[in-house]
Amino acid sequence: MAADSKTADSTSNSTTNSTSPWKELSSACVDEPFFLLFEDISYSSRSVFKRERKTILQKLSGDFRPGELTAIMGPSGAGKTTLMDILAGFINSSVVGSVMVNGIERNLAEFRRSSAYIMQNDNMQSLFTVEEAMLVAADLKLTLKPRERLRRIEEILTVMGLKGTRCTRIGDISGGQKKRLAIALELINNPPIMFLDEPTSGLDSVTSKQCIGFLKQLALEGRTIICTIHQPSASLFNMIDHLYVVAKGYCVYTGGTRNLVPYLSSLGLRCPTHYNPADFMLEICNGDYGDHLSKLVETVQNGKSNMWRSSIILSLNKQDEIIVTNMTTSLPLVNMRTPSFEVEYKHTTYYATGFWKQFYVLLRRNAIKLFRDKVLTLTRITMHLLIALMVGAIYFGIGQDATYVLDNFNLLFFSLMFLMFSAFSASLITFPLELPILMREHFNRWYKLRSFYLANKFADIPVQLTATCIYTVIVYFMSDQILETRRLLLFILMCFVVTLVAQAIGRIVGASLTIQNGVIFGPLVILPFTIFSGFFVHLNDAHPYLHWLFHMSFLKYGFEGTMTVIYGYDRPKMHCSDVYCHFAAPKQLLIAVGMKHVDYWFCISVLILLYIVLDIVTFIILRVRLRKRI
C-alpha cells in the first residue's frame, strides 16, 4: 500500500509539474486576441520558363480565431502553404482579395509587428546552445531589463520543456526539441498570431503529439495559432480545433474536426468505421471516390460558411467571456471585438532594438560562431599556413637574387591568386548557409538587413586578416624578399585588400546562387579577372580593343601594387649570382611588364572603391531576395 501511495504521489507531482509551467507564464497570456479574416483570396504565379500564369488559389474565404488551433490541410500542391504564406504576409505580390484583422483592413507592416512565422525547416545556429539562442532572441526582440529578460527566458524554456537542454548545442538536440525551440524563439516577445509551416514534419508520432499539444496550449492562452499539416494521424486530428481543408485552390471544408464526418455524411460520403477522417477527406480531395469537389466547395461557400464550426468559449481581457456558436456567416464575430488592432500597434516600432544594438548582438553572435566552427576557421588558417610553408620552401631565398627575378615574378602572382581563390571560396560556400537564417529572422523582425550584413562581414575580417598575414609573412621571409618594414606592411595591405574584393565577389555569387550552382559557376565568374591580370598577357602586348578588360580586372591592380612594392620605390640594384642578369635593375623589370608608372595608392584606391561597389551590389541582391522570398 505504501508503494502504491508513493507511486500515486509521484504521478500526481509529475502531472502538476507538467501543467504548472503554463501558470508561470500567465503574464505572457494574450490579453487582446486578434481575429484574422480573409475574403476572396486568389493567387497566381508565373513559371520561370513559361509566360502563362498558374492559378494556385481561387477566391478563398474564411476566418481564424484566437483560442483555436487552426490547421490548414490538403493534398500536395493544393495551395495550403501558399495560403498561409499570404496570411502571414510572406507572399504579398500577385495576391487578389482582402485580409482583415478584427474587421479592419490589414496593414502589412503593422500586422507583422504582432505576428511570427515559424518555417518548416529548422534554420538555427547549430553551434549555439539553447540558452544562448534564447539570449540572442531576447536581446534583439525585447527592451526589458537583463534580469527580466532572464526570467522570461526561464519561463519559456520551462513551458516548452527545454530547461534540461539549455546548455546543449542546437545541433545536438532532437528534431522535436528543435521544433519547440523554434517556437520558443518567436514566443519570447509574445506574439498574438503565430504561423507554422508543417510543424510535425520529420517527427515521430509521440513527438508530433507533443508538438501539437504545445501549440494547443498556446492557443488556449488567447493566441491565434495557424499551421499547415499534410496528413495528420487520428490522434493529432482530434487535437485540432479548427480544420480548413484546401483542394485544387478551393476550400472544401472549414469547421471543427468532430464535425467533418457529419459534414461528409450530409453529402452522401460516409467515412468507414475506424477510419481516420483525415485520410478519408484527402482521398475524396484526390478523387478516389469520384469528382465531388464542386459540391464540397458549394456547400461551404468556398470557406464563407461557418455552419460546421465548433462551439468555443473565449476569454477576452480576463473579464468578459464570449460564447461562439455555430454560425452560417463569417463576419458577425468581429462586432464583438472592441480593441482595435491599428490603434494598439500603430505606435509600436517595427524593430524592438536600434541599429547599433542589433549590430553589436549579431557581431558577437558571428564572432562566437567563427570561434566555435573549428572546421571552417582552423581549416582556413591551417591551409594558409601549410601552403605558405610549401611555397616558401619551393621559392626559398630567391627574392634578392636578380637571377631568379622571373621566378619571383611568378611567386608574387601565385600568392595573389591563392589568396584570392581561398577568400572567394570561403564566402561562396559559407554565405548561402546564412540566407535561410536571415530569411526567418529578418521576416520575424529580429533585425534590419544592414545590421545582419555588416555584422556578418566585420566578424569575418579578423579571421581573413589572420590567414592573410600568416601566409604573406611566411612567404615574404622564406623567399628572402627585401627586408624593409614599409615594404612588408604595404605587401600585406595589398594582399589583404585583394582578399576583401574576392570575398565581396564570393558573397555576390553566394547571394545569387545556391551552393551547388555557385561551386559550378563561381570559377567562371572569377577566372576572367585572372586571365586579364597582366600576368599571362601583358597590357602592352594585348590588342588595344582588349585594354578595357585589363582595366576591369581587380587582380591587375593587386598585381601591379605588389610588383611596385617589391621592385619600386627606388629599390637599389640587385645581387646577381650568374654571369649576367638582365633584370638586375628593378626598374628594368617594371618597364618590361608595363608597370613602370604604376602608383601603389592609386591601385589601393581602385580596389577599395570596387569593394564598396560590390558590397552595395550584394546588399541590393539580398534586399531583392528578401522581398521576393527566394
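Values in this document were obtained by computation on a predicted structure and should not be read as measured data. (Residues numbered from 1 in each chain as written. Predicted model: local features only at pLDDT ≥ 70, side-chain atom pairs only at ≥ 80, totals over all residues. Heavy atoms only, no water.)

Q: Describe helix α16 (residues 449-478), naming the residues involved and giving the relevant values.
A: For α16, spanning 30 residues, the distance from its first C-alpha to its last is 44 Å, which sits close to the expected 44 Å at 1.5 Å a residue. At the exit of α16 stands D480, carrying a positive phi of roughly 60 degrees. (Helix = DSSP H or I, 4+ residues; strand = E, 2+ residues; numbered from the N terminus. Expected span 1.5 Å × (residues − 1).)

Q: Describe the state of the cysteines, and please don't skip the residues or the numbers.
A: According to the stated counting rule, one finds 1 disulfide in the structure shown. The disulfide bridge from C576 ends at C581, spanning 1.8 Å between sulfur atoms. Its S-S torsion of about 75 degrees marks the bond between C576 and C581 as right-handed, since a negative value means left-handed. On the accessibility criterion, C576 (24% relative accessible area) is partly exposed. Residue classification places C581 among the buried positions, given a relative accessible area of 11%. Left unpaired, C285 is separated from the closest cysteine sulfur, that of C251, by 9.9 Å. Of the residues examined, C285 reaches a relative accessible area of 10% and is grouped as buried. Of the cysteine sulfurs around C469, a residue in no disulfide, the closest is that of C495, at 9.6 Å. A relative accessible area of 25% means that C469 is categorised as partly exposed. (Disulfide = S-S within 2.5 Å. Buried < 20%, exposed > 50% of the residue type's maximum accessible area, 1.4 Å probe, protein only.)

Q: Can you lay out the UniProt feature "transmembrane region" (unreviewed entry) in the protein for me, pointing to particular residues and giving the numbers?
A: Using the residue numbers shown here, the UniProt feature "transmembrane region" (unreviewed entry) corresponds to residues 375-398, 410-433, 454-476, 488-506, 518-539 and 598-622. Helix and strand shares over residues 454-476 are 100% and 0% respectively, and the end C-alpha atoms of the span are 32 Å apart. Secondary structure over residues 598-622 splits into 92% helix and 0% strand, and the C-alpha atoms at its two ends are 36 Å apart. (UniProt positions renumbered as here; feature names shortened; annotations may be inferred.)

Q: Got a sec to walk through the environment of I612? Specific residues and values, please.
A: You can see I612 is positioned in helix α22 (residues 600-628). Overall, I612 belongs to the partly exposed group, its relative accessible area being 44%. Residues I612 and A504, 108 residues apart in the sequence, show an inter-C-alpha distance of 8.8 Å.

Q: For the confidence of the model for the protein, give the residues involved together with the corresponding values.
A: In the predicted model, the protein carries a mean pLDDT of 84, and 88% of its residues have values of at least 70. Per-residue pLDDT stays below 50 along residues 1-20; that stretch engages in 0 contacts with residues further than four places along the chain or on separate chains. Here residues 313-347 is modelled with pLDDT under 50, and outside its nearest four sequence neighbours on either side it reaches 81 contacts, counting other chains as well. (pLDDT = per-residue confidence, 0-100. Contact = heavy atoms within 4.5 Å.)

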